[in-house]
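Below, each chain spelled out in residue letters.
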Amino acid sequence: MPPDLASDAAIISTKNSRLGTWGQAAKTRLSGINRLFLLTVVVPTVLSILYFGLIASDVYISESRFVVRSPQRQSSTGLSALLQGAGFARSQDDAYSVQDFMLSRDALQQLNSKLALDKAFGHRDVDLFNRFAGFGWDHSFEALYRYYQKQVLIEMDSASSISSLKVSAFTGEDAYRINVMLLEMGEQVINDLNERGRQDMIRFAKADVDIAEKKAKDAGLALSNYRNQKAIFDPERQSGIQLQLVSKLQDDLIATKTQLDQVRSFTPDNPQIPALQKRAQTLQSEMNAQMASVAGGSASLTNHTTEYERLELERVFADKQLGTALASLEQARNDAQRKQLYLERIVQPNKPDVAIEPRRIRDILATFLLGLVAWGVLSMLLAGVREHQD
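Basis of the calculations
Residues numbered from 1 in each chain as written. Predicted model: local features only at pLDDT ≥ 70, side-chain atom pairs only at ≥ 80, totals over all residues. Heavy atoms only, no water. 1 Å grid on protein atoms, 1.4 Å probe; cavity = no way out; pocket = protein on both sides within 12 Å on 5 of 7 lines; lining within 4 Å. Points joined across faces, edges and corners; volume = space filled by probe spheres on them. Nonpolar A, V, L, I, M, F, W, Y, C, P; charged D, E, K, R; others polar. Core = buried A, V, L, I, M, F, W, Y, C linked by side-chain atoms within 4.5 Å. Buried < 20%, exposed > 50% of the residue type's maximum accessible area, 1.4 Å probe, protein only. Helix = DSSP H or I, 4+ residues; strand = E, 2+ residues; numbered from the N terminus. Contact = heavy atoms within 4.5 Å. Phe/Tyr/Trp six-rings, centres within 6.5 Å; stacked < 30°, edge-to-face > 60°. Lys NZ or Arg CZ within 6 Å of the ring centre and 35° of its normal. Salt bridge = Lys/Arg side-chain N within 4 Å of Asp/Glu carboxyl O. pLDDT = per-residue confidence, 0-100. Polar contact = N/O pair within 3.5 Å; in protein donor to acceptor, adjacent residues only side chain to side chain. Pairing = 2+ DSSP bridges. Axes fitted to C-alpha atoms, helices over the stretch in contact; angles between N-to-C directions. Parallel < 35°, antiparallel > 145°, perpendicular 65-115°, else oblique.

### Let's talk about the layout of surface pockets
Thought 1: Of the voids in this model, the largest pocket is the one considered here, and its volume is about 490 Å³.
Thought 2: Along its surface, the largest pocket is lined by 20 residues, and F129, R131, F132, Y147 and K150 are the ones closest to its centre.
Thought 3: Broken down by class, the residue content of the lining of the largest pocket amounts to 10 nonpolar, 5 polar and 5 charged.

Set out below in structure tokens:
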């Protein structure tokens, strides 16, 4: 064979060898890509079709909406202003209390005792993946509580304070009954808060009345004992009466002295002079005694006025305090007749006749799209690794 032909043949052989190597590598890569596509896209999509199409149980959702309102609180904007115009205002803090109770173990315990939630959620007709204790691992109350928290959703709009209660179950009747009973228990919580507030309000007002009544009795008794001990009824009034008597005695004394002076002037030897002198002395002595009883020694009315006025002031103050306490008690009783909090149902619980979840087509498409994304990312990573190796 000529040298040129031999050289061409060698070149062609080398090219064929390289093409074969490249083809084998491409075939290997394609087979790897096919296996990766099968594992990341085809298998998950087929499994999702089987699960969501044949296995997954229907989930029914019952929804209701409520607001906790208080007639004593004020609100200003948004739907709150509309509610205030209707005669009530929102009570956001108490709404959180109701929500916390609905999601609590106490609420679950009451629901389970009346509706047997463990049997409803763990029924054999429910698929294993959604069933409570589907694989038989844990039937405890704590496990049921964790499962229950996934089935009950409460959301509150911060602007309007309207809470939305959504209950998921595997029959429309179960979802409806759970929703209704949760609202009833929420109303009972509000009633308990009202009752506790009423009892506290009346109890505190009654305690104030008892204290004020005891003070009024003690003040009245102290004043009465002082009157009995000192033989005094009212120093001011008694002083007025005695001063009137002193004034009258003084008038009589002046008239007697005037008459005595006249008798002495005209008839110095008149036998009436001793009698008039005696009368003048008696009137002067009586007037001095009356003045002493009004403003004189330790037994005078003036000396007892300070203590009497103190006791009288304490009695008047105690009586006023008792009147104020009685008015507060009456107001507390009137307020107790009205509820302080209300759970108002904006939307009644619905009884679903069609299962809302699972959204089978959407979930299958989501699985397919996620598989495509995963396949694309992994393919790029594997291609980069192989190119780096080559």
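Following the structure, the description resumes.
### Section: the nonpolar core
Thought 1: Among the nonpolar cores identified, the biggest contains 38 residues, and L111, F121, Y148, L165 and L182 are the most heavily contacted of them.
Thought 2: Put simply, the parts of the chain that give this core at least two residues each are β1 (60-70), α3 (92-102), α4 (105-115), α5 (117-121), α6 (141-151), β3 (152-156), β4 (163-169) and α7 (172-230).
Thought 3: The greatest single-element share of this core, amounting to 8 residues, is contributed by α7.
Thought 4: With residues up to four places along the chain from it excluded, the contact list for L165 reads S62, E63, S64, F66, M102, V152, L153, I154, N179, L182 and L183.
Thought 5: Counting residues in hydrophobic clusters, the runner-up holds 10 residues, among them A205, A212, L322 and A325.

### Section: the packing of aromatic side chains
Thought 1: One pass over the full model with this rule turns up 6 aromatic pairs.
Thought 2: Here F37 and W375 contribute two aromatic rings whose centre-to-centre distance is 5.1 Å and whose plane-to-plane angle is 80 degrees, an arrangement assigned as edge-to-face. Taken together, the residues F37 in helix α1 (residues 3-55) and W375 in helix α11 (residues 360-389) connect sequence positions 338 residues apart.
Thought 3: An aromatic cluster is built from F121, F132, Y147 and F170, whose rings are joined through pairwise contacts.
Thought 4: In this structure, K351 is placed above the aromatic ring of Y176, and the distance from its NZ or CZ to the ring centre is 4.9 Å.

### With respect to the pattern of salt bridges
Two side chains bearing opposite charge may form a pair once their charged atoms approach each other closely.
Thought 1: With the rule as written, the count across this model stands at 13 salt bridges.
Thought 2: In this structure, R146 and D138 form a salt bridge, with 3.6 Å as the shortest nitrogen-oxygen distance.

### Section: the confidence of the model for the protein
Thought 1: With 70% of its residues at a pLDDT of at least 70, the protein reaches an overall mean of 76.
Thought 2: When mean pLDDT is taken per element in the protein, β4 scores highest with 94 and helix α2 (residues 78-85) scores lowest with 45.
Thought 3: Within the model, the stretch residues 73-89 combines pLDDT values under 50 with 25 contacts to residues more than four positions away or in other chains.

### Some points on the side chain of N112
Thought 1: One can find N112 in helix α4.
Thought 2: There is a polar contact of 3.1 Å between the side chain of N112 and the backbone nitrogen of D118.
Thought 3: Among all residues touching N112, those that are not within four sequence positions of it are L117, D118 and L144.

### Examining the pairing of β4
Thought 1: Burial within β4 is extensive, with 6 of its 7 residues counted as buried.
Thought 2: In terms of strand pairing, β1 meets β4 through 7 bridges, oriented antiparallel. From the neighbouring strand, R65 faces β4, where its bridge partner is S164.
Thought 3: Taken together, the 5 bridges between β3 and β4 define a ladder with antiparallel strand orientation.

### Thoughts on the packing of α4 against α6
Thought 1: In contact at an axis separation of 11 Å, α4 and α6 are set at 100 degrees when each is read in the N-to-C sense. Classed by the angle they form, the pair α4 and α6 counts as roughly perpendicular. Where α4 approaches α6, its residues R105, A107, L108, Q109, L111 and N112 are matched on the opposing element by F141, E142, L144, Y145 and Y148.
Thought 2: Here the contact of α4 with α6 is built from residues that sort into 7 nonpolar, 2 polar and 2 charged.

### Observations concerning empty space enclosed by the protein
Thought 1: On inspection of all chains with the given rule, the structure shows 1 cavity of 30 Å³ or more.
Thought 2: Considering only enclosed or pocket space, the largest cavity measures out at about 30 Å³ in volume.
Thought 3: In terms of lining residues, the largest cavity is bounded by L115, L117, A120, D174, R177 and I178.
Thought 4: Secondary structure elements with two or more residues in the lining of the largest cavity: α5 and α7.

### A short note on unusual backbone geometry
Thought 1: Residues E357 and P358 are joined by a peptide bond in cis, for which omega reads -5 degrees.
Thought 2: Relative to the helices and strands, P358 resides in the loop between β5 (342-347) and α11.
Thought 3: Of note, A116 is a non-glycine position whose phi angle comes to about 50 degrees, a positive value.
Thought 4: Assignment of secondary structure puts A116 in the loop between α4 and α5.
Thought 5: Of the residues examined, A116 reaches a relative accessible area of 27% and is grouped as partly exposed.
Thought 6: Of note in the backbone geometry, S161 takes a positive phi value of approximately 65 degrees without being a glycine.
Thought 7: Counting through the fold element by element, S161 comes out in the loop between β3 and β4.
Thought 8: The exposure class assigned to S161 is buried, which follows from its relative accessible area of 1%.

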